Amino acid sequence: MSNFEKPQDNNFSLSEQEKEDMEANLWYIKAREKVLEFLPDIDPDLTVDIQESVITPDNPAMPRYETPTLIFRHASNPNIKWTMEIKKNDDYIDTKLEDGVRYLYNKQKEQ
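Residue numbers restart at each chain and count upward from 1, following the sequence in its written direction. The model is predicted, so local features are restricted to residues of pLDDT at least 70 and side-chain atom pairs to those at 80 or more, both for listing and for counting; the totals for chains, interfaces and linings are taken over all residues. The side-chain figures draw on all heavy atoms in the structure; neither hydrogens nor water molecules are used.

Draft legend 1. Looking closely at the sheet that holds strand E3 (residues 81-84). Pairs of strands are assigned from DSSP output, requiring at least two bridges between the strands. Only DSSP runs of H or I covering at least 4 residues are called helices, and only runs of E covering at least 2 are called strands; the numbering of each starts at the N terminus. With antiparallel pairing, the 3 strands of this open sheet are ordered in space as E1-E2-E3. Either end of the sheet is taken by a strand with one partner, and the two such strands are strand E1 (46-55) and E3. Averaged over all neighbouring strand pairs, the angle between strand axes comes to 30°, with direction disregarded. Pairing of strand E2 (residues 65-74) with E3 involves 4 bridges; the strand directions are antiparallel. If you follow Arg73 over to E3, its bridge partner there is Lys81. Note on contacts: a residue pair is in contact if any heavy atoms of the two residues lie within 4.5 Å. Interaxial angles span 0 to 180 degrees and are taken between N-to-C directions of axes, which are lines fitted to C-alpha atoms, for helices over the stretch in contact. Sheet strands in contact with helix H2 (residues 90-110) are E1, E2 and E3, and its direction is about 150° off that of E3.

Quick look at the structure:
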């Protein structure tokens, strides 16, 4: 029997954590695509990408955790830079994400 005739090993499966991570990444990809639609209207020098971040909650009783985030940078002003978590649902991405980005951008400009 050649390699092409051998039955496939279908025992490969993802852990629950790996499945959650993949789903989160898909939401961040979708959010980044949405942000790219309106970002030039806010400031053409702003860029957005996805990165893995370690989050340290303000509440010391809460543990640190890793999650994807959107990272915003300004091409001509290095002082304007922030990361942002998103809510993983279509309503947030379609109706609230832009307001959040605008709010955080304006807060960054004030600093």
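Draft legend 2. Seen up close, the pattern of salt bridges. Take a side-chain nitrogen of Lys or Arg and a carboxyl oxygen of Asp or Glu: if they are within 4 Å of each other, that pair is a salt bridge. Counted under the stated rule, the structure contains 6 salt bridges. Across the pair Glu16 and Lys19 runs a salt bridge, and its minimum N-O distance is 3.6 Å. Of this pair, Glu16 and Lys19 both sit in helix H1 (residues 16-42), 3 residues apart, which is roughly one turn of that helix. Exposure categories follow from relative accessible area, calculated using a 1.4 Å probe and restricted to protein chains: below 20% of the type maximum is buried, above 50% is exposed, and the middle band is partly exposed. Owing to a relative accessible area of 42%, Lys19 belongs among the partly exposed residues under this scheme. Its salt-bridge partner being Asp91, residue Lys96 comes within 3.1 Å of it at the nearest N-O pair.

Draft legend 3. Spatial organisation of the nonpolar core. Only buried Ala, Val, Leu, Ile, Met, Phe, Trp, Tyr and Cys residues count toward a nonpolar core, and they belong to the same one when joined by side-chain atoms within 4.5 Å. Grouped together as the largest cluster of nonpolar side chains are 20 residues, with contacts concentrated most on Val35, Phe72, Ile86, Leu97 and Val101. Going through the elements one at a time, H1, E1, E2, E3 and H2 are the ones with two or more residues in this core. It is H1 that contributes the most residues to this core, 7 residues altogether. Excluding anything up to four places from it in sequence, Val35 contacts Val48, Leu70, Phe72, Leu97 and Val101.

Draft legend 4. Focus on H2. Taking 1.5 Å per residue as the helical rise, H2 with its 21 residues ought to reach 30 Å, and the 30 Å between its terminal C-alpha atoms agrees with that figure. The term bend refers to the angle at a residue between two fitted axes, each drawn through seven residues, those ending there and those starting there. Maximum bend of H2: about 55°, positioned at Lys96. Packing partners of the buried residues in H2 comprise H1, E1, E2 and E3. Polar contacts, as counted here, are pairs of nitrogen or oxygen atoms within 3.5 Å of one another; within protein the pair requires one atom able to donate a hydrogen and one able to accept it, and residues that are adjacent in sequence qualify only if both atoms are side-chain atoms. For H2, the capping residue at the N-terminal end is Asn89, with a side-chain oxygen 3.2 Å from the backbone nitrogen of Asp91. Multiplying one less than the number of residues by 1.5 Å gives the expected span of a helix.

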